[in-house]
Amino acid sequence: MSGFRDGCSSSGSVNVMIGVSSPAEEGEDDNAAAVALSSEDSCSPDETVAGTEIDLALGLSIGLNRSRNHSSKVRSFSSSLASSSSSSLTKESGTKRSADSSAAASKGQVAVGWPPLRTYRINSLVNQAKSVPTEDDIQKDTTTTTTKNSVVAAVKNDEVGFIKSPMLVKVTMDGVIIGRKIDLNALDSYEALAKTLEQMFFHTPSSVTTTRCKETTRASELLDGSSEYIITYQDKDGDWMLVGDVPWLMFLGCVKRLRIMRRSGETGGGK
Amino acid sequence: MNYFPDEVIEHIFDFISSHKDRNSISLVSKSWHKIERCSRKRVFIGNCYAINPERLIQRFPSLRSLTLKGKPHFADFNLVPHEWGGFVHPWIVALAKARVGLEELRLKRMVVSDESLELLSRSFSSFKSLVLVSCEGFTTDGLASVAANCRHLRELDLQENEIDDHRGQWLNCFPESSTALTSLNFSCLKGETNLAALERLVARSPNLESLKVNRAVPLDALTRLMSCAPQLVDLGVGSYENEPDQESFMKLMAAIKKCTELRSLSGFSEVAPLCLTAFYPICQNLTSLNLSYAAEIQGNHLIRFIQFCKRLQRLWILDSIGDKGLEVVASTCKELQELRVFPSDLHDEEDNDTAVTEIGLVAISAGCPKLHSILYFCKQMTNAALITVAKNCPNFIRFRLCILEPNKPDHTTSQSLDEGFGAIVQACKGLRRLSVSGLLTDKVFLYIGMYAEQLEMLSIAFAGDTDKGMLYVLNGCKKMRKLEIRDSPFGNAALLADVDKYRTMRSLWMSSCEVTLGGCKRLARNAPWLNVEIINENENNDVMERNEEDEREKVDRLYLYRTVVGARKDAPPCVTIL
């Protein structure tokens, strides 16, 4: 039963369903779903898991749309989902997710209409979560000033009407319960990043740190490796890397999220 | 025969404003019907295709205020094609032609064009109030004509509309003589705002009570606006600010301190937490707080702020506040009547520890005795929690629970959530609106049919086992008006069991269910007073072509509604009216 729960509560399963619309939907914006949808008729609950994760996941949603024994079928799908390797499933849905969210962001539509949230609201969330800058953003990045009030600057400039989207990434720190989000588009260098992180995590007298919160670390120490903490980031491929190796703009292109790690706990890998 | 002259009766009727009551009055006698209809100022039309404008005007010649709703509710979630319908233009044309003294127009989910807005602005010299919610099809050019031509405009309220922002100077179009504004909401506009024009407008509007700006209004401009409008009651903040500098922050705080009438706050999209703290001076006065777009503000900041909002009656928030945060709300906001908790992160890969669960819901129900409306998005729920909530809060009027994952059972017992929702409908005798989710069998509908006597609107998704489920609801809920169902195994048997039931309902929506084309055709034949619409979005949009359609083919989307004016003429190709 817990396997069932784990498989389902990984939001991978929800998002895969989001990516797949009912067969009648326009598939023009979601290539992954369109390609996979063509195998709709061949999907059945008895299909083996190995090598058919996408099909199976699609079968799940199509099963939802079309099955007679509605809930029991869904349950059996879900348990087979749970038994599949969840990391690869997440990865697949991760790719789909970015396709979805960019499609959603550009079109303002979520394919299946679940969860029941207004497009307006989903768009505001999608914009917050967007960690991969679109072409527009990269263009803006190089042309607008990257001051703290970069959006205000953009408004005052001749970029009439265009509000630069913030590039928000999650930042977690070992020992801190609540994560933060920072806008990388508002920063112009690793130094600025380190300074912001230093202000966020090392100067706030917050109740959110469980361990000794009297850490005093200077921004420069975070970058040069002399502090007890190091800044790492997760790139598009899911690997955790040390921050500072690649040029800043390139970094912006591949960073998905950040983690401030305590040196002693450096075992590599994600969560 | 009436005891009193008509004028006296009319005067008495003036005291009765509720639509339901006025509708009842009009049924008493012919003479009352006539007096009522000739004196009726405000009309609410829940489905713009249930009647046509000509008949409306004929019946209510003294019409001053019209509310119209267009697309079905599930259009909010992209289940209805954009071109489906709900055009306001024919209404404005008819009202203009008949020289109705229209003063107020409120639209929801309708298609509005610049042409319509232009015609509106030129046709009604006393026009005062325009409220558009979830509408689309117009640009800031349309707004410019409204601003320029409606000399007596008091209210321009744009909520969550899709507006093409031409970055024009629509704010400049308000004439210098226009000083009557009481409410201005343009938070949904995406483009740059002419700040100077806005400041001038606010400065010359001493009666302005509600101001909601869009993202493009930076913090220092907001400060200036608030400084010249300390009488504001309702403020929508929209600016982006990474971290305001000390001076701007102090100035903002000073301006806010002067706004002693401020009761309602919203906006805060892309605003740093510090901006929220600037509002500390007035937060104990707040009765309404909408931080559901403030994804930037972390849970702990939210909690710290809400701790002081002791008078809060309405709270819209993101689930980043967490169960702990909801516990703080429960112990602080004893006046709370309405709560909405929205998901903050739909793409979260890991188990989000800070999202809300059944624990938060129970805490709220225990701490807030006046709570009557709730919309709650969460990842998990239990029957035990729902049963406790029902016991704590028998006063619910609206109960909408959305468990993000379809078909998710009680996570502690793995059973369906039938018992939990059953407890809710049994305890909350005044329940008018219900949305169910999670793993549900036919049993929950048995409970709903049995106990939910006042239920008017029910939303069902991924629930039920057989037609019996839907039948329980149709047979049991006498006051049902709007029933919307998606991805549930209800078919023709349920659809056709009691055709006359649909006379008492406004509409029925069924998508991805088991109803077939044959069933829908049969329904349409037996109920000529219904519009039975089939929505099919295929690549080859030719339903006509397939005249050898298989009657056993399942219908993707069905939308039916009672109407006195027959099939509408403006349906697009993807909609077939049977």
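Residues numbered from 1 in each chain as written. Chains lettered and ligands numbered in written order. Predicted model: local features only at pLDDT ≥ 70, side-chain atom pairs only at ≥ 80, totals over all residues. Heavy atoms only, no water.

Participant: Hey, could you run me through the pattern of salt bridges in this one?
Facilitator: Between side chains of opposite charge, a pair can form when the charged atoms approach closely. With the rule as written, the count across this model stands at 29 salt bridges over all chains. Note that B:E419 and B:K443 form a salt bridge whose closest N and O atoms lie 3.2 Å from each other. Of this pair, B:E419 sits in helix α16 (residues 418-427) while B:K443 is found in helix α17 (residues 442-451), placing the two residues 24 residues apart along the sequence. Judged by its relative accessible area of 39%, B:K443 falls in the partly exposed class. Salt bridges here are not isolated pairs; linked through shared partners, they connect A:R118, B:D76, B:R109 and B:E160. (Salt bridge = Lys/Arg side-chain N within 4 Å of Asp/Glu carboxyl O. Helix = DSSP H or I, 4+ residues; strand = E, 2+ residues; numbered from the N terminus. Buried < 20%, exposed > 50% of the residue type's maximum accessible area, 1.4 Å probe, protein only.)

Participant: Is there a simple way to think about the pairing of strand β14 (residues 338-342) of chain B in this case?
Facilitator: Successive side chains on a regular strand alternate, one facing one side of the sheet and the next facing the other. Residues and elements named next belong to chain B. In terms of residue burial, β14 counts as a mostly covered element, since four of its five residues are buried. Inspection of the sheet shows strand β13 (residues 314-318) paired to β14 by five bridges, in the parallel sense. Counterpart to L315 in the pairing with β14 is L339. The parallel pair β13 and β14, bridged by helix α13 (residues 322-332), forms a crossover whose chirality is right-handed. Strand direction decides the pairing type here: β14 and strand β15 (residues 373-378), joined by four bridges, are parallel. Residue pairing for β15: V341 is matched across the bridge by Y376. (Pairing = 2+ DSSP bridges. Right-handed = clockwise from strand over helix to strand, strands pointing away.)

Participant: Just checking my understanding: could you explain the UniProt feature "domain: F-box" (unreviewed entry) in chain B for this structure?
Facilitator: UniProt annotation of "domain: F-box" (unreviewed entry) refers to residues 4-45 of chain B when read in the numbering used here. Structurally, residues 4-45 of chain B is divided into 60% helix and 10% strand, and its ends, taken at the C-alpha atoms, are 31 Å apart. (UniProt positions renumbered as here; feature names shortened; annotations may be inferred.)

Participant: Help me understand the sheet that holds strand β5 (residues 255-262) of chain A in this model?
Facilitator: All names here are of chain A. Across the sheet, five strands lie side by side as β2-β1-β5-β3-β4; this open sheet has mixed pairing. Pairing within the sheet leaves two strands with one partner each, and these edge strands are β2 (180-183) and β4 (240-242). Each strand of the sheet is rotated relative to its neighbour by a mean of 30 degrees, with strand direction disregarded. Here strand β1 (residues 168-173) pairs with β2 via four bridges, running antiparallel. (Axes fitted to C-alpha atoms, helices over the stretch in contact; angles between N-to-C directions.)

Participant: Would you mind showing me how to read α13(B) here?
Facilitator: Residue pairs spaced three or four apart in an α-helix point in one direction, given the helix's 3.6 residues per turn. Residue and element names in this part refer to chain B. Of all eleven residues making up α13, eight are buried, and the element is well covered by its neighbours. Those residues of α13 lying buried are G322, D323, G325, L326, V328, V329, A330 and T332. On its buried side, α13 packs onto α12 (299-306), β13, β14, α14 (358-367) and β15. (Contact = heavy atoms within 4.5 Å.)

Participant: How should the domain arrangement of chain B be read in this particular structure?
Facilitator: According to the domain assignment, chain B contains domain 1 (1-38) and domain 2 (386-403 + 412-528 + 550-557). For domain 1 of chain B versus domain 2 of chain B, the distance between C-alpha centres works out to 36 Å. (Domains from an automatic or database assignment.)

Participant: I'm lost on the environment of B:C150 in this one. Help?
Facilitator: Residues and elements named next belong to chain B. Note on placement: C150 falls in the loop between α7 (140-149) and β6 (155-159). The spacing of C150 and L120 is 30 residues in sequence and 8.8 Å in space, taken between C-alpha atoms. Other than its neighbours up to four places away in sequence, C150 contacts S121, F127 and S145.

Participant: Explanation requested: a negative patch on the surface in the structure shown.
Facilitator: Judged by side-chain charge, B:D6, B:E7, B:E10 and B:D14 come together as a negatively charged surface patch. Considering the arrangement of structural elements, one finds B:D6 in helix α1 (residues 6-13). (Patch = residues over 30% accessible without salt bridge, like charges linked within 9 Å, V, L, I, M, F, W, Y side chains within 5 Å. Areas by Shrake-Rupley, 256 points an atom, 1.4 Å probe, with all protein chains shown as cover. Lys, Arg positive; Asp, Glu negative; His and termini not counted. Charge placed at Lys NZ, Arg CZ, Asp CG, Glu CD.)

Participant: Explain unusual backbone geometry to me, please; I cannot follow it from the model alone.
Facilitator: Leaving glycine aside, a negative phi is the common case for residues, and trans is the common case for peptide bonds. A cis amide bond, omega 0 degrees, links A:W114 with the succeeding residue A:P115. Along the polypeptide, A:P115 turns up in the loop between α6 (86-107) and α7 (119-129). Positive phi is not limited to glycine here, since B:N407 has a value of about 65 degrees. Assignment of secondary structure puts B:N407 in the loop between β16 (398-403) and α16.

Participant: What is the right way to read the pairing of strand β11 (residues 264-267) of chain B from this model?
Facilitator: All names here are of chain B. Burial along β11 is two-sided: the residues S264 and S266 and L265 and G267 are all buried. Summarising the sheet, strand β10 (residues 234-237) and β11 pair through four bridges and their orientation is parallel. By the bridge assignment for β11, L235 is matched with L265. Pairing geometry for β11 and strand β12 (residues 288-290), over two bridges, is parallel. By the bridge assignment, S264 is partnered in β12 with S288.

Participant: Please clarify how the confidence of the model for chain A should be interpreted in this entry.
Facilitator: Close inspection of predicted coordinates is inappropriate for parts of the model with low pLDDT. Residues and elements named next belong to chain A. In this model, chain A carries an average pLDDT of 54, and 35% of its residues clear a pLDDT of 70 or more. Here residues 130-164 is a poorly scored stretch, pLDDT under 50, and it has 63 contacts once near neighbours within four places are set aside; other chains count. Within the model, the stretch residues 205-214 combines pLDDT values under 50 with 13 contacts to residues more than four positions away or in other chains. (pLDDT = per-residue confidence, 0-100.)

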